Structure formats: structure tokens, C-alpha cells
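Fold and contact review
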Amino acid sequence: MRRAAVLGGSIAGLLAARVLSDHADEVVVLERDDVALAGAFGGGRDPRPGVPQGTQMHALLDAGRRRIDQWFPGFSAELVAGGAALADTGTDVHSYLDGRRKVLVGGVEMVSATRPFLEAHLRRRTLALDNLRLVNGRVRGLTFTGDRVSGVRYAGAGGEDVLAADLVVDATGRASRIGAWLTEAGWPEPPMRRMHVDLGYATALFRRPEGPHGATLAQSLAAMPDGRLRLGTLGRVEGDLWIVLVAGYADDRPAHGIDEFLLRCAQDPAAPFRQLAEDAEPIGEPVTYRHPDNRRRDFHLLDRFPAGLVAVGDTMASFNPIYGQGMSSATMHASCLESYLGSGRSPRDPAWSYFKQVRAVVDDAWQTSALNDLKLPHVTGPRPRGFKVASRLSDLIVRASVTDPVIHRRFLAVAHMRSPARTLMRPGTLLRSARAVRRQTTTPAEARLDAAV
Ligand SMILES: Cc1cc2nc3c(=O)[nH]c(=O)nc-3n(C[C@H](O)[C@H](O)[C@H](O)COP(=O)(O)OP(=O)(O)OC[C@H]3O[C@@H](n4cnc5c(N)ncnc54)[C@H](O)[C@@H]3O)c2cc1C
């Protein structure tokens, strides 16, 4: 292939570009923000307009981290050398359910860093590839030749221009205009499925020399006395900076202001959050973010689609961010793209085999996210057949993972996207979970989860 064009230079776009660089003479990444290494956001210190979620807590799960290390050897080590934390579930990643810390089990490592830092490192490695260049421009649409996409229309420094390409990869994120670009040319729009979860985030930075309660990264899921579900994550990021997220659903979304933020931390039954509220030094005000819905574009349901076009990352699917699946999903989409390109199929045919493979990846992440989100009373559904049973079984496993190391290890493998979600439903795992739970007492969060189903 002579040239591939990647639309959007964020995590999914950069990973797709890395994969394409092995298969195309030239890869051009078109990005509307000035993210060139010497550009306004090139250093990666500040969140940028094109990635508004960049202000919020972002952790890189084990599956994504491992995959990136294969494409860019030494990537995790570079992040750590730059000040990020590589936290291990066997020692310093602490997960709490209703204030009770889960048993520690090793084997899973995740990166804790600010999102701009992570992206800047990935960009630096990607832009170091010889056959790749970045163009600062806003994509306006696609160009077509017969039944295939032949390029991109964009507005750059010199005005409107067209970039010819043999393959176009849409990585412009969840608000992608791919549907409109297709319908403008007489092609059907990919059906979009949405699940309204109405999640509110607030993220703040703190300065603190050591981890609260020995944790480099702590996660908390807790039912409050009024039954509402609260979520929190804190992690050491660059140097002695700590990033802290508090989250709630619907009318329990966190409000603006550091006082409310610290109150939420103090109310959290997980000890690291309470300790942080007492003795950490806040840096500036928390930034809030609203995630209205999970969404996926089901390209595989179309019966007509042009050749020379694929999509990756949040354009394909964007999930409830609390599960931290987005960037690791993007690595998996890039893996699907790699195997599609390696299969020798011509970009002059529609990429059905790519969409088939990526659908399996999306289905798995969607299942994890949707199963948990549908347990929330304000999420309207529709709830699939068998939901009640699946939901009870998943609650059982979550409870068992608090005390049973074998179940926790299996749970982490799925949560970190190293094993498919269905592996948790094996009879041996369910039986062992039931036995583990029988030996425990019931907490308010568990009682609340029971009441919701
Ligand atoms: C609040 C929140 C917290 C999250 N936390 C985590 C987490 O902890 N872990 C995790 O793995 N994931 C997390 N995610 C998900 C993660 O942010 C995304 O999955 C990840 O960034 C991959 O997205 P993407 O590259 O597909 O799209 P985006 O990151 O949204 O990037 C799209 C890019 O396309 C560019 N663009 C858009 N339109 C155009 C155009 N017309 N022309 C040119 N360029 C264009 C944008 O400027 C941007 O650079 C979180 C998401 C949210 C909302």
C-alpha cells in the first residue's frame, strides 16, 4: 500500500499509525490540535481541546500496556523513568469493596500517569517512525472513487486540501462524523447503539510524598447509607503528584469545588481516600466531566460499505470510563488492524474481515461494561434475556474476589482485558465463588446490589 491516512492523533490513532507503518510506504496522521512535538500540546503537559477527557484520571490496564510494549519496546520503562508509576496488584494496587480491601494477588501491572503525559510519550515514539508524518488539519470529509474511499478532505494551515490514500482509518473518537461523511456520499450510516449511564466525574491533583496506606493506586466501590453507589480511584502519577477521581451517577454527580471533593473523599469508606482528605495538599480546583452514554457503532450490521475505510478506538465503541477499558480497547483494535493487514486482503475490497474481528473485541468489553451498568436503577436498558441471572452471578464473583485469591486473580485477568469476560462464568469459578461468599458476611454495597436486581 502506498499511503494510509489516520484521522485523529490521539491514543487509537497513534496505535493504528504504528501498525500501518509496517504495511504502508507512508502513513499520514491528520490531527486538528497542534500536537507536533514542538507544537502547542506536543510536550504533553496540558490537556488539549481535542481530548476533553484528558483532564480526568486515566489508568492503562495490563493488556494495553503489554501490547504497547511489544510495538514500542521499553515503553512502560520509559514512562516510569519519566516519573509515572507502574503499580502491581500483588503489592500496591488496592481495590476496596465497601471499604473492605480485596486480597492482594500479583501478576497484573498497570500504569498510573496523567493522560497528557501518557499520550505525549506515545506520540514521541510514533513520530520517530521513518515513514510517518503528522499534519495539523481538521478533517471535513472523505473522497470517493467508485465504491472505495480514495482520500480525505481537510482544512490545514494552507486552507482546504485533499489527501489521497489507499486506506483511511477513522480515529476521531466517540463524536466521529463518519456517519455523516458516509451518507453525504450515498452510503448507509453505521447503526449506533447507546446506553445512557449519566456518570459524573471529578478529578483533582494533589501533592503528597507517599502512598496513602501503602497504595500506589487505590480503587473504591461503595454503597452510601442512602443506597447510592460511589466510585473513586486515586493514583500516584508523575513525581509526587497524585491524581484523585470521585464519581457518582445521575443526580449524585460530583459538583464543582474542592470542599465538596474533599467531603466525598472523607465519606468514602476506603481508608486511602479518607487519609488523603485529611493530609494531602490539593493543587488547584477539581475538574468535572460528564459521560452521558456508552456507545458503539455496529459496522458489521451494514450490508454495504466502501472499501478503503476502517475505524478504531472510541469511534468503534466508547464505554463507561470507570472500567478503564478505552485505551486498552484501542490497542486491541490496532491488533485487529495488524492481522487484517497481514492477511494480504486488498484495501480495494471492503474490510469486512476487520470489522468481524473487531466486533468480538467490542462485544467483550461492552459485555463487561453493560452488565455492570444495567444493574444501576437509573439505567433504563433494554436488559437482555438472562440478565438477572448473569447479574447475580457477576455479583457473586465480585464478592468472592474480596477474600478468595484465586477468584480475584481470575477477576483481574478479565478486568485488565487479558481474558474474555465469559471465562468468569465457568462452573468451577462459580462454585468456588459461592463457597467463598458463604464464608463471608454481607456488606451494605452487596445488599444494595442485591436489591437492584
Ligand atoms: C472521563 C474519562 C476517563 C477515561 N479513563 C480511562 C482510563 O482510565 N483508562 C483508559 O484506558 N481509557 C479511559 N478513557 C477512555 C480513553 O480516553 C479513550 O478510549 C482513548 O483516548 C482512545 O480514544 P480515541 O483515540 O479513540 O479518541 P480520542 O482520545 O477522543 O481522540 C480523538 C482524536 O481525534 C481528533 N479529531 C477529532 N475530530 C477530528 C477531525 N475532524 N479532524 C482531525 N482530528 C480530529 C481529536 O483532536 C483527538 O486527538 C476515559 C474516557 C473518559 C471520557
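Rules behind the numbers
- Residues numbered from 1 in each chain as written.
- Predicted model: local features only at pLDDT ≥ 70, side-chain atom pairs only at ≥ 80, totals over all residues.
- Heavy atoms only, no water.
- Helix = DSSP H or I, 4+ residues; strand = E, 2+ residues; numbered from the N terminus.
- Rg over C-alpha atoms; globule rule 2.2 N^0.38 Å.
- Buried < 20%, exposed > 50% of the residue type's maximum accessible area, 1.4 Å probe, protein only.
- Contact = heavy atoms within 4.5 Å.
- Lys, Arg positive; Asp, Glu negative; His and termini not counted.
- Charge placed at Lys NZ, Arg CZ, Asp CG, Glu CD.
- Near = heavy atom within 4 Å.
- Polar contact = N/O pair within 3.5 Å; in protein donor to acceptor, adjacent residues only side chain to side chain.
- Areas by Shrake-Rupley, 256 points an atom, 1.4 Å probe, with all protein chains shown as cover.
- Domains from an automatic or database assignment.
- Buried area = accessible area lost by both parts, 1.4 Å probe.
- Salt bridge = Lys/Arg side-chain N within 4 Å of Asp/Glu carboxyl O.
- Pairing = 2+ DSSP bridges.
- Axes fitted to C-alpha atoms, helices over the stretch in contact; angles between N-to-C directions.
- Arc of directions from axis to C-beta.

**So, the overall build of the protein chain**
Scanning the protein chain from N- to C-terminus turns up 13 helices and 18 strands. For 453 residues, the compact-globule estimate of 2.2 N^0.38 gives 22 Å, and the protein chain sits close to it at 22 Å. Across its three principal axes, the protein chain shows a C-alpha extent of roughly 65 × 50 × 40 Å. Burial analysis of the protein chain (453 residues in total) assigns 56% to the buried set. For the protein chain, restricting intrachain contacts to residue pairs at least 6 apart in sequence, the fraction spanning at least 24 positions comes to 71%. Counting 58 positive and 50 negative side-chain charges, the protein chain places the averaged centre of each group 6 Å from the other.

**Some thoughts on the site of the ligand**
Of all residues adjacent to the ligand, which total 32 residues, the nearest are S10, E31, R115, D314 and M327. In this structure, an oxygen atom belonging to the ligand sits 2.9 Å away from a side-chain N or O atom of R48. Note that an oxygen atom of the ligand is positioned 3.2 Å from one of the backbone N or O atoms of G324. If the ligand stood free it would expose 1,000 Å²; the protein chains cover 94% of that surface. For the shell around the ligand, the secondary-structure elements that each account for two or more residues are α1 (11–20), β2 (26–31), β8 (132–145) and α8 (326–342).

**A look at the domain arrangement of the protein chain**
Each domain of the protein chain was delimited in the assignment, giving domain 1 (3–52 + 116–193 + 294–363), domain 2 (87–114 + 195–293) and domain 3 (387–452). Distance between the C-alpha centres of domain 1 and domain 2: 32 Å. The interface is formed by 13 residues belonging to domain 1 together with 16 residues belonging to domain 2. For the pair domain 1 and domain 2, the summed buried surface comes to about 1,100 Å²; carbon and sulfur atoms form 57% of the total. At the boundary of domain 1 with domain 2, the tally comes to two salt bridges. Summed over the shared surface of domain 1 and domain 2, the result is nine residue pairs in polar contact (both at pLDDT 80 or more). Elements with a minimum of two residues in the side of domain 1 that touches domain 2: α4 (115–127) and β16 (281–297). Sort the elements by how many residues they give to the side of domain 1 that touches domain 2 and α4 lands first, with three residues.

**Brief notes about the sheet that holds β8**
Reading across from one edge, β10-β9-β8-β2-β1-β11-β17 is the order of the seven strands in this open sheet, with mixed pairing throughout. A strand with exactly one partner marks an edge of an open sheet, and here the two such strands are β10 (159–164) and β17 (309–311). The mean angle between the axes of side-by-side strands here comes to 40°, regardless of whether they run parallel or antiparallel. Where β8 and strand β9 (residues 148–156) come together, eight bridges link them in antiparallel fashion. In the sheet register, L142 faces β9, and the bridge partner there is V152.

**Observations concerning helix α6 (residues 258–267)**
In an α-helix, one turn spans 3.6 residues, which is why side chains three or four residues apart end up on the same side. Those residues of α6 lying buried are I258, F261, R264 and C265. For α6, the angular spread of the buried residues around the axis is 120°, confining them to a single face. Contacts made by the buried residues of α6 are with β12 (192–207), β14 (229–236), β15 (241–249), α7 (271–279) and β16.

**A closer look at helix α11 (residues 405–415)**
What α11 keeps buried is the set I407, H408, L412, A413 and V414. Packed against the buried residues of α11 are α9 (352–373), α10 (387–403) and α12 (427–438). Backbone nitrogen of V406 and a side-chain oxygen of the N-cap are separated by 2.9 Å at the start of α11; the cap is D404. Looking one or two residues beyond α11, the residue adopting positive phi is M417, at roughly 60°.

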